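The residues making up each chain are set out below.
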Amino acid sequence: DRPGLRAFYVGEGVKRAFLFQTLEVGVLVATVPQLGISVLPRSRFAEKHGTEYLYVFHSMASTHMIYEPDGFDHYDTVFCVGPYMIDEVRRREEIHGLPAKELVEHGYGRLDAILAERVAATPTKPSGDAARETVLVAPSWGPTCTFETVGVEFVAALLDAGFRVIARPHPMTDKKDPAAIERLVARFADHADFELDQDIAATRALHESDVMVSDWSGAALEYALGRERPVVFIDVERKVNNPEYAELGIEPFEVAVRDRIGAVVAADDPSGIVGAVRDAIDNADNWAERLRTVRDESIFNVGDSGRVAAAAIAAKTNAFLARVR
């Protein structure tokens, strides 16, 4: 019902490709990588109208390991989460002779939302027996990730140790490998301390938990820098969608920051998760200042990214309108 806003659902496949191919628009803002490929083309009218394509990230992870090599090559403007992204994008442009994109020092909206909720929220942990220490297991998705490989063993170890466990699989796990979730349900559905949470957009589990267990998920960065609590990482194989990522000579942010925001447990050692989680919970207060330091060093405009992005988008929209009027 908001004036000036028209919402509609496009879907995937041919319908989406046709829409993108025929759009007549001044400014397009997207969170979908790989603009410019056949299923997500730039519009045939883009040059005629001077269309500007703007990319906004939906993860704080680096641009060059978990994304396809050409993930951002065909955008005109990229809204960067932190200084590391500027270095990565510029280095790829240099290596491959790509035109220089406009890079906006943006930040990350979901981080800002988690911080605001943390300040405003009253404690949400259940009362009674359910108030026991809660572990949120929220890994990434893909054939090498936790729930697709060793998740059942690690959840079992945590439950056996007396922790309450919330398992939050990525929606793409449900889409690409539903059997991974079925294995969790088959093993733990009747366990009083196990909960399956498939609402990834909600933040209840983030604020209700005492610690997160993850792998290469961007959610781990959101948790550590938003909740200011450490993460325990299961050291499964790296999630790599760009096998040439090392050509940049820049260590991905999610790799470089791991030891600064939590602890790492070997993927073949389910028993090791218990001690690591216990240590993370017992020393959570000692981590808070270190996590704030990482956040302040690494992320643009903490708490203010929405205003920054809106101003940049509005300026581009006004410039377009001034040209066509």
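This text follows the structure it describes.
**A short note on the sheet that holds strand E1 (residues 27-30)**
An order of E1-E2-E3-E4 is seen for the four strands of this open sheet, with the pairing classed as parallel. Either end of the sheet is taken by a strand with one partner, and the two such strands are E1 and strand E4 (102-105). When the angles between neighbouring strand axes are averaged without regard to direction, this sheet yields 20°. Relative to strand E3 (residues 77-80), strand E2 (residues 52-56) runs parallel, the two being bridged by three bridges. The partner of leucine 54 across the bridge, within E3, is threonine 77. Contacts from helix H15 (residues 305-324) reach E1, E2, E3 and E4 within the one sheet, and its direction differs from that of E3 by about 165°.

**Description of the environment of threonine 173**
Tracing the chain through its elements places threonine 173 in helix H7 (residues 171-176). For threonine 173 and histidine 74, which are 99 residues apart along the polypeptide, the C-alpha to C-alpha distance reads 28 Å. When sequence neighbours within four positions are dropped, the list of residues in contact with threonine 173 reads Ser140, Trp141, Glu148, Pro178, Ala180 and Ile181.

**Observations regarding the side chain of arginine 227**
Positionally, arginine 227 belongs in helix H10 (residues 218-227). Notably, arginine 227 is buried but unbridged: the nearest opposite-charge side chain belongs to aspartate 210, and the N-O separation is 6.3 Å. Setting aside residues no more than four positions away along its own chain, arginine 227 makes contact with Ile114, Arg118, Leu206, His207, Glu208, Ser209 and Glu222.

**Quick look at the nonpolar core**
The biggest cluster of nonpolar side chains holds 49 residues, and the ones touching the most others in it are Phe57, Met60, Val78, Val81, Met212 and Ile261. Looking at which element gives the most residues to this core, the answer is H10, with six residues. If we ignore the near neighbours within four places in the chain, the residues touching phenylalanine 57 are Thr63, Tyr67, Phe72, Val78, Phe79, Val81, Met85 and Tyr108.

**Focus on H10**
Burial runs high along H10: 10 of the 10 residues are buried. Of all the positions in H10, only Gly218, Ala219, Ala220, Leu221, Glu222, Tyr223, Ala224, Leu225, Gly226 and Arg227 are classed as buried. With a side-chain oxygen positioned 3.0 Å from the backbone nitrogen of alanine 219, the residue opening H10 is serine 217. Taken from the residues just after H10, glutamate 228 is the one with a positive phi, measuring 60°.

**Observations regarding helix H8 (residues 178-188)**
Among the residues of H8, those classed as buried are Ala180, Ile181, Leu184 and Phe188. Projected onto a plane normal to the axis of H8, the buried residues spread over an arc of 95° and lie on a single side. Relative to its buried face, H8 has exposed residues pointing more than 90 degrees away, namely Glu182 and Ala186. Tucked inside the fold, the buried residues of H8 contact helix H5 (146-149), helix H6 (151-160), strand E6 (164-167), H7 and strand E7 (194-196).

**As for the sheet that holds E7**
If you walk across this open sheet you meet the six strands as E7-E6-E5-E8-E9-E10, and the pairing is parallel. Of all strands in the sheet, those bounded by a partner on one side alone are E7 and strand E10 (262-266). Here the strands of the sheet are splayed against their neighbours by 20° on average, with no regard to which way each runs. Where strand E9 (residues 231-235) and E10 come together, five bridges link them in parallel fashion. When the sheet's bridge partners are listed, isoleucine 234 is paired in E10 with valine 265.

**Regarding the pattern of salt bridges**
Enumeration over the complete set of coordinates arrives at 25 salt bridges. For the salt bridge of arginine 292 with glutamate 228, the shortest nitrogen-to-oxygen distance reads 2.8 Å. Here the residue arginine 292 occupies a position in helix H14 (residues 284-298), and glutamate 228 occupies one in the loop between H10 and E9, the gap between them amounting to 64 residues. Taking the relative accessible area as the measure of exposure, glutamate 228 reaches 8% and is therefore buried. Through salt bridges with shared partners, a single ionic network connects Arg118, Glu228, Glu289, Arg292 and Arg295.

**With respect to the pairing of E3**
Of the two faces of E3, both are covered, the one formed by Thr77 and Phe79 as well as the one formed by Val78 and Cys80. For E3 and E4, the ladder comprises four bridges, and the chain directions are parallel. By the bridge assignment, phenylalanine 79 is partnered in E4 with valine 104.

**Overview of the pairing of E2**
When you tally the buried positions in E2, you get four out of five residues, the bulk of the element. Note: E1 against E2, four bridges, orientation parallel. The residue bridging alanine 30 from the neighbouring strand is tyrosine 55, located in E2.

Rules used throughout
Residues numbered from 1 in each chain as written. Predicted model: local features only at pLDDT ≥ 70, side-chain atom pairs only at ≥ 80, totals over all residues. Heavy atoms only, no water. Pairing = 2+ DSSP bridges. Helix = DSSP H or I, 4+ residues; strand = E, 2+ residues; numbered from the N terminus. Axes fitted to C-alpha atoms, helices over the stretch in contact; angles between N-to-C directions. Contact = heavy atoms within 4.5 Å. Buried < 20%, exposed > 50% of the residue type's maximum accessible area, 1.4 Å probe, protein only. Lys, Arg positive; Asp, Glu negative; His and termini not counted. Salt bridge = Lys/Arg side-chain N within 4 Å of Asp/Glu carboxyl O. Core = buried A, V, L, I, M, F, W, Y, C linked by side-chain atoms within 4.5 Å. Polar contact = N/O pair within 3.5 Å; in protein donor to acceptor, adjacent residues only side chain to side chain. Arc of directions from axis to C-beta.

Limitation: the analysis is restricted to geometry and does not speak to function.
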